Structure formats: C-alpha cells, structure tokens
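Coordinate analysis (summary)
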Amino acid sequence: MAKYTIIGGNGFIGSHIVTLLKEQGHDVVVPDRNSCNSLNGELGKVIYCAGNGDCAKSYFSVLEANTVLLAKLLQDAQFEKLVYISSTRVYMNHYSANETDDLVVTADDNRKLFNLTKLVAEELCLKSERDVTVVRPSNVYGLALNSTLFLPSIIRHAINNGEINMFVAPEYAKDYVSVNDVAKACVWLAENKNANKKIYNVASGFNVTAKQIADVIEKETACKVNWHDGNFPREEFPVTSISKLTNEIPDYKPQHVLDDLKIMIASYKEELAR
C-alpha cells in the first residue's frame, strides 16, 4: 500500500478520492489548506485537487489555488508522483477536444482567468523535472443530494418548488462525468508509471443537452420547466475525446448522467418521505 497526500482533499472531488484510497487500504494524508505552503517530509503520491473558479470576486485566490501553490510544490516538495487536476473547460469554443490540440482563450469569457491559470499550471507540470500527470475532467457531478452543484440543485428545486428555471438555451450541451469515474481514473494514473508527463481527458465522451436533462427531470418529477431567454455567453463545448484514456484503461466505462439523474431524483424523493 502507498502513501498519498491529497491537496484539496476536503473538496468535492478530493473527498471522493480520499474515500476510494482508504477503501483500498492506502495511507492517506489530507493537509489543512493553511499548511499546504509548508509541507515537509516525503509526501508519497500527491493528487492536487485544490482549485478555485470564482473569477468575479476571488481572482487572486484563483491564481493562488490553481497555480501558485502548485508551483511551490513542484519546486520544493518531496514526492514520488503528482497528479494535477485541470479541466476540459480549456477546450471551450474550440473545434475539438483532444489532448494534443492547440487551444484558444475566448476574449469575452468572464472566466478566462480560470482557463489561463489551468493552462499555466499544466505547463509548469510538463516543464518540471518531476514525475507529473495532468488530468482534464469534464463537468463533474455526483449523487450528493445536498451539493451546491448544478444537477442536485435543480433536482431539489424541481421537487420542492414544482419548477426549474433554465438560464441556458435548450441546445446548450456539455460532457458530464461522474465524480466516481474521476476518482478511479486519478488513482489509476497516479499508480501508472507510463503516464508521466502526459495529459488525459477524463470524461464520458459524449455531450448532453440542457433539454435532455430538463426532459428527464420533468418526466420524473412532473415539474414545470421555465426556459429563460437572454444574452447567453458564447460557450460551446466540442465532444471530449477519451480515446487516450480508454486505450490505457480498457475497463473504463463511464456512468451515464441521464441514468444517474433518475437515481438522484428517486433518492431525494425517498429522503423527503422519511
């Protein structure tokens, strides 16, 4: 069994990775966020889940969490391997989503700082003389009913209020990946010596539209769906390629978000009935 240090291990993705590692019998350390700048000793395998996406109000924190802390670890920390969690958002408004693609940054994207810091962090990993792997997960969801994430939130709203409000176009489409699949992939890549200095997309490999999601929720809850017109931001996401990951993990079979939506709805109804 190996030693793991999970940076951001109390967050949504990190906590699921911690649970998986403990189930496998590994020695897992989750440092306090305030102590991450002064980690001493051998950290074993590091999975870097810390991050911040609030580009409107916490832009300096976005830089710190996504890039600065990582740079310090790459320079000073003692570790066997580091897996850095980036994002497939770097493919937004691009024509494809392959790990080897040249990438663009959209000028009018109000969260472009997030993309820029993730790309800087990726480059630091690849340029460092350390054993590092970069993971780009797509839009991560989980079955946690009390989560503030988009899918659990609208399910609660549908059941409690009898309606949901959609502030995107019906055809708006993204790739959704289960947090369980992300956790398994990160642990597998942390243990794979051939993954050094490589980037991997971790996704479902298909896009799901806002209308498909709304249709499932409407059918399962009998709620009303309110589609709001507006000046929507230009956000188009190409289908994420997962061929690189599936070639190296043949048994990687991602969960389907529409099936999991039904499970979330049934679970929430059951909880309310108690």
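Details of the structure are given in the entry above.
A short tour of the structure in this document, coming up.

What counts and what doesn't
- Residues numbered from 1 in each chain as written.
- Predicted model: local features only at pLDDT ≥ 70, side-chain atom pairs only at ≥ 80, totals over all residues.
- Heavy atoms only, no water.
- Phe/Tyr/Trp six-rings, centres within 6.5 Å; stacked < 30°, edge-to-face > 60°.
- Helix = DSSP H or I, 4+ residues; strand = E, 2+ residues; numbered from the N terminus.
- Buried < 20%, exposed > 50% of the residue type's maximum accessible area, 1.4 Å probe, protein only.
- Lys NZ or Arg CZ within 6 Å of the ring centre and 35° of its normal.
- Pairing = 2+ DSSP bridges.
- Axes fitted to C-alpha atoms, helices over the stretch in contact; angles between N-to-C directions.
- Salt bridge = Lys/Arg side-chain N within 4 Å of Asp/Glu carboxyl O.
- Core = buried A, V, L, I, M, F, W, Y, C linked by side-chain atoms within 4.5 Å.
- Contact = heavy atoms within 4.5 Å.

1. Examining the packing of aromatic side chains
Summed over all chains, the structure comprises 3 aromatic pairs. When the ring of tyrosine 48 is compared with that of tyrosine 84, the centres are 5.4 Å apart and the planes differ by 40°; the resulting orientation is tilted. Taken together, the positions of tyrosine 48 in strand 3 (residues 45-48) and tyrosine 84 in strand 4 (residues 81-85) put the pair 36 residues apart, joining distant regions of the chain. Pairing tyrosine 172 with phenylalanine 237 gives two aromatic rings, centres 6.5 Å apart and planes at 80°, and the pair type is edge-to-face. Of this pair, tyrosine 172 sits in the loop between strand 7 (163-166) and strand 8 (173-178) while phenylalanine 237 sits in the loop between strand 11 (224-227) and helix 7 (243-248), and the two are 65 residues apart along the sequence. Comparing tyrosine 172 with phenylalanine 237 shows no difference in burial state: the two are buried. Lying across the ring of phenylalanine 114, arginine 111 places its NZ or CZ 4.9 Å from the centre. Here the guanidinium or amino end of lysine 244 rests over the ring plane of tyrosine 200, the centre of that ring lying 5.0 Å away.

2. Examining the sheet that holds strand 10 (residues 207-209)
In space, the 3 strands of this open sheet follow the order 6-8-10, with mixed pairing throughout. Taken across any chain shown, the strands that pair with only one partner, and hence form the sheet edges, are strand 6 (139-141) and strand 10. This sheet shows a mean twist of 55° between the axes of neighbouring strands, independent of strand direction. Looking at chain direction, strand 6 and strand 8 are connected through 3 bridges and run parallel.

3. Overview of the pattern of salt bridges
It is possible for side chains of opposite charge to pair when their charged atoms get near one another. Applying the stated criterion to the full structure yields 8 salt bridges. Its salt-bridge partner being lysine 72, residue aspartate 76 comes within 3.3 Å of it at the nearest N-O pair. Of this pair, aspartate 76 and lysine 72 both sit in helix 2 (residues 59-76), 4 residues apart, which is roughly one turn of the helix. Salt-bridge contacts for glutamate 235 lead to arginine 89; the nearest nitrogen and oxygen are separated by 3.7 Å. You can see glutamate 235 sitting in the loop between strand 11 and helix 7 and its partner arginine 89 sitting in the loop between strand 4 and helix 3 (112-127), a full 146 residues away along the chain. The exposure class of glutamate 235 is partly exposed, given its relative accessible area of 22%. On the accessibility criterion, arginine 89 (8% relative accessible area) is buried. Connected through shared salt-bridge partners, Arg89, Asp109 and Glu235 make up one network.

4. Points about the nonpolar core
In terms of nonpolar packing, the biggest core is built from 32 residues, with Tyr4, Ile6, Ile17, Ile47 and Val202 touching the most fellow members. The dominant element in this core, judged by the number of residues it contributes, is helix 5 (residues 179-190), at 8 residues. With residues up to four places along the chain from it excluded, the contact list for isoleucine 47 reads Tyr4, Thr5, Ile6, Ile7, Ile17, Val83, Ile85, Cys186 and Ala190. The next biggest cluster of nonpolar side chains, apart from the first, holds 21 residues, and it includes Ile155, Met166, Val208 and Ala214.

5. Here's the deal with the sheet that holds strand 3
Taken together, 6 strands build an open sheet; the order of strands is 2-1-3-4-5-9 and the sheet is parallel. Only two strands of the sheet have a single partner each, and these edge strands are strand 2 (27-29) and strand 9 (199-202). Geometrically, the sheet is characterised by an average inter-axis angle of 20° between neighbouring strands, direction not taken into account. In the sheet, strand 5 (residues 132-137) pairs with strand 9 via 4 bridges, with the strands oriented parallel. By the bridge assignment, arginine 136 is partnered in strand 9 with asparagine 201. Running at roughly 165° to strand 1 (residues 3-7), helix 1 (residues 12-23) makes contact with strand 1, strand 2, strand 3 and strand 4 of the sheet.

6. A few points about the pairing of strand 7
Judged by which residues are buried, strand 7 turns out to be one-sided: Ile164 and Met166 face inward and are buried, whereas Glu163 and Asn165, on the alternate face, are not. The pairing of strand 7 with strand 11 spans 4 bridges and is classified as parallel. Bridge pairing in strand 11 places glutamate 163 opposite lysine 224.

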